[in-house]
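Residue strings, one per chain:
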Amino acid sequence: MEEEKELKKEKKNIPALPWMRNPVDITTFDQCSLDLLPFFQHYSLHKDLTRWEYTGYVVVGFERSLGVTSKVVVETASCRNARLVVALKNMSITSLFPVQLAVWQETIGPGSFERDLCINSPTGSGKTLAYALPIVQMLSTRAVKCLRALVVLPTRDLALQVKDVFSSLAPAVGLSVGLAVGQSSISDEISELIKKPNVEYGICYDPEEFSYELQSAVDILVATPGRLMDHINNTDGFTLEHLCYLVVDETDRLLREAYQSWLPTVIQLTSSSVDGNFPSADDLLPFTYGSLKTIRRVGTERGLKGKAYPRLAKMVLSATLTQDPSKLAQLDLHHPLLLTTGERRYRLPEELKSFKVSMSIEA
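Given the structure is predicted, the values throughout are model-derived calculations rather than measurements.

Undergrad: Even after reading the chapter, I still don't get the overall build of the protein, so can you show me in this structure?
TA: Scanning the protein for helices and strands turns up 11 helices and 17 strands. Evaluated residue by residue, the protein yields a buried proportion of 41% over its 363 residues. Considering only residue pairs separated by 6 or more positions, the protein has 73% of its internal contacts joining residues 24 or more positions apart. Summed over its atoms, the accessible surface of the protein is roughly 21,100 Å², and 51% of this surface lies on carbon and sulfur atoms.

Pasting the structure below:
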């Protein structure tokens, strides 16, 4: 009888979804110094350059020739990484925690974000930086400003904390971060999220050559579900058409309530915009001068058949990630990969010390 009970208990603990049965164990990763971070190559001192300096967003090398030192402006991918290193060190971060390194390997490293990530890690383990750093790194090469990354959290306080982390990193590579949590009026948020074209009064514009087109003023948006839906339904110029990355933080709490059906709305707005395998001529032609359009077609390749491509890459995070198939199905995950630290819900600092003081009670 006892053996049968143990077998039933073991079967009950086995996740219903196959991809959750062989997770990546985050505890096998060690902290990694930024200087040793894989695929995060820093700038190297060129033989003709005597030293490096940072001037705003530009890395400047000083070349010494014939006894005269002259400036040489250098702008490469390694220089963008160098600016991120400076931003991280300004945050007093010199190494990455295990969860941050594990996510880095699956996004920037060999994983190349080919699978959606489900991260089950305790509170205090560094999950926010785990997704903020690779997203900023991946968007650092963007040429046109538009909303490409969306982070959704259940409460205003959590959203403010996440926004602070992104704001410490993103400006180093020229990215803008927006916030939509209802902290200010809807009109104030719109003015920060949407950029209107500069129009000089007194000048006549040819309507065939000029279009009063609204554009996104941010590359990354941190939002709560309710305020996000307000902008989707009511804000002119607000679009998720170009969205590349979706982060669902505190997933269990967000899936527990509908929040005005924000999740199916986001997935629908980022699904295929072209019927069939190839876009039509109308899809390839821009609507107006200077307009930007992202074309998502129905994938036919193995693993992408019937899904929108380029796909919306997702990261979902929670200290207690649900194993309910019906709830996880709402996320429409692409070949999901589970990263977990086990059943711990909270992570205490390694250097935390506890003391006990014994006191006698006198009558």
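So much for the structure itself; the text now carries on.
Undergrad: Can you walk me through the packing of helix α6 (residues 186–193) against helix α7 (residues 225–234) in this structure?
TA: The relative placement of two packed helices comes down to the angle between their axes together with the axis-to-axis distance. Where α6 meets α7, the axes come as close as 12 Å, and the angle between the chain directions of the two elements is 70 degrees. Comparing the axis directions of α6 and α7 gives the class roughly perpendicular. Between α6, through Ile186, Glu189, Ile190 and Leu193, and α7, the contact on the second element is made entirely by Arg227, Asp230 and His231.

Undergrad: Help me understand helix α5 (residues 156–169), please; the structure alone is not making it clear to me.
TA: An α-helical segment advances 3.6 residues per turn. Residues three or four places apart therefore align on the same side. Between its first and last C-alpha, α5 extends 20 Å over 14 residues, near the 20 Å set by a 1.5 Å rise per residue. Among the residues making up α5, those that are buried are Ala159, Val162, Val165, Phe166 and Leu169. One side of α5 holds all its buried residues, which, seen down the axis, span an arc of 120 degrees. Every exposed residue of α5 that faces more than 90 degrees away from the buried side is listed here: Asp157 and Gln161. Capping of α5 at its N-terminal end is provided by Thr155; its side-chain oxygen lies 3.4 Å from the backbone amide nitrogen of Leu158.

Undergrad: So what exactly am I meant to see when it comes to unusual backbone geometry here?
TA: What is expected of a backbone is that most residues other than glycine have negative phi and most peptide bonds are trans. Unusually for a residue other than glycine, Ser112 sits at a positive phi of about 50 degrees. Position of Ser112 among the secondary structure elements: in the loop between α3 (98–107) and β7 (117–120). In this structure, Gln260 takes a positive phi of about 60 degrees despite not being glycine. Relative to the assigned elements, Gln260 resides in the loop between α8 (251–256) and α9 (262–269).

Undergrad: Hey, could you run me through the pairing of strand β9 (residues 177–180) in this one?
TA: If a strand is regular, its side chains alternate between the two faces of the sheet. Side chains Val177 and Leu179 of β9 all project onto a buried face; the interleaved residues Gly178 and Ala180 project onto the opposite face, where all are buried too. Of the pairings in the sheet, the one linking β9 to strand β12 (residues 220–223) comprises four bridges and is parallel in character. Each residue of the ladder has a partner; that of Val177, found in β12, is Ile220.

Undergrad: It is not clear to me how the pattern of salt bridges should be interpreted in this structure. Could you clarify?
TA: Pairs can form between side chains of opposite charge once their charged atoms are near each other. Counted under the stated rule, the structure contains six salt bridges. One salt bridge connects Asp116 with Arg311, and the closest N-O pair in it is separated by 2.6 Å. On the criterion of sequence distance, the pair formed by Asp116 in the loop between α3 and β7 and Arg311 in the loop between β15 (308–309) and β16 (313–318) is long-range, its members being 195 residues apart. Its salt-bridge partner being Lys145, residue Asp219 comes within 3.2 Å of it at the nearest N-O pair. Here Lys145 lies in the loop between α4 (127–139) and β8 (149–152) and Asp219 lies in the loop between β11 (215–216) and β12, a separation of 74 residues in the sequence. Judged by its relative accessible area of 0%, Asp219 is buried. A relative accessible area of 30% places Lys145 in the partly exposed class. Three or more residues joined by partner-sharing salt bridges are found here, namely Asp116, Arg311 and Lys314.

Undergrad: Honestly, the nonpolar core in this entry has me stumped. Any pointers?
TA: Generally speaking, a soluble globular protein has its nonpolar side chains buried in company with each other. Counting residues in each nonpolar core, the largest one holds 53 residues, and the members touching the most others are Ile135, Val136, Phe166, Leu169, Ile220, Val222 and Met315. Other than its neighbours up to four places away in sequence, Ile220 contacts Ile135, Val136, Leu139, Leu147, Ala149, Phe166, Leu175, Ser176, Val177 and Gly178. Listed in part, the 34 residues of the second largest apolar core include Met20, Leu150, Trp262 and Leu312.

Undergrad: I tried to follow the layout of surface pockets on my own but got confused; where do I start?
TA: Picture a little ball the size of a water molecule; that probe, rolled over the atoms, points out where space is still empty. In this model, the largest pocket occupies a volume close to 610 Å³. If you go around the largest pocket, you meet 29 residues; those closest to its centre are Thr123, Gly124, Lys127, Thr128 and Glu250. At four residues, α5 tops the list of elements feeding residues into the lining of the largest pocket. A breakdown of the residues in the lining of the largest pocket according to their chemical character gives 11 nonpolar, 11 polar and seven charged.

Undergrad: I'm lost on the packing of α4 against α5 in this one. Help?
TA: Close contact between α4 and α5 brings their axes to 10 Å; oriented N to C, the two are set at 35 degrees. As for the relative orientation of α4 and α5, their crossing is right-handed in sense. Touching Thr128, Leu129, Tyr131, Ala132, Leu133, Ile135 and Val136 of α4 are Val162, Val165, Phe166 and Leu169, all from α5. Residues belonging to the contact of α4 with α5 are distributed by class as follows: 10 nonpolar, one polar and no charged.

Rules and cut-offs
Each chain carries its own residue numbering, running from 1 in the written order of its sequence. Local features in this predicted model are restricted to residues whose pLDDT is 70 or higher, and side-chain atom pairs enter the listing and the counts only when it is 80 or higher, whereas totals over whole chains, interfaces and linings include all residues. Hydrogens and water are ignored here; the side-chain numbers use all heavy atoms of the structure. Only runs of H or I of at least four residues qualify as helices and only runs of E of at least two qualify as strands under DSSP, and these elements are numbered from the N terminus. We call a residue buried when its accessible area falls under 20% of the maximum for its residue type, exposed when it is over 50%, and partly exposed in between, using a 1.4 Å probe and counting protein chains only. In what follows, a contact means two residues having at least one pair of non-hydrogen atoms within 4.5 Å. To be clear on the numbers: accessible area is Shrake-Rupley with a 1.4 Å probe, and residue cover counts the displayed protein chains and nothing else. All axes here are fitted lines through C-alpha atoms, helices being fitted over the stretch that makes contact, and every angle between N-to-C directions spans 0 to 180 degrees. Oblique is the label for any angle not under 35 degrees, not over 145, and not in the 65 to 115 range, which are roughly parallel, roughly antiparallel and roughly perpendicular in turn. Any helix carries an expected span of 1.5 Å times its number of residues minus one. Note that the arc is defined by the directions from the helix axis to the C-beta atoms. As used in this structure description, the phrase polar contact means that two N or O atoms lie within 3.5 Å; if the pair is within protein, one of them must be able to donate a hydrogen and the other to accept it, and residues adjacent in sequence are counted only when both atoms belong to side chains. Note on pairing: DSSP must find at least two bridges between two strands before they are called paired. Salt bridges are identified by distance alone: a Lys or Arg side-chain nitrogen within 4 Å of an Asp or Glu carboxyl oxygen. Residues grouped as a nonpolar core are buried Ala, Val, Leu, Ile, Met, Phe, Trp, Tyr and Cys residues, joined through side-chain atoms within 4.5 Å. Both site types are read off a 1 Å grid over the protein atoms alone. A 1.4 Å probe that fits but cannot get out defines a cavity, while an open set with protein on both sides within 12 Å along at least five of seven lines defines a pocket; lining residues have an atom within 4 Å of a point. Grid points are joined across faces, edges and corners, and a volume is the space filled by probe spheres set on the points. Each residue gets one of three labels, nonpolar for Ala, Val, Leu, Ile, Met, Phe, Trp, Tyr, Cys and Pro, charged for Asp, Glu, Lys and Arg, and polar for the others, Gly among them. Definitions for this section: a left-handed crossing has its near helix turned counterclockwise from the far helix by less than a right angle. A right-handed crossing has that turn clockwise.

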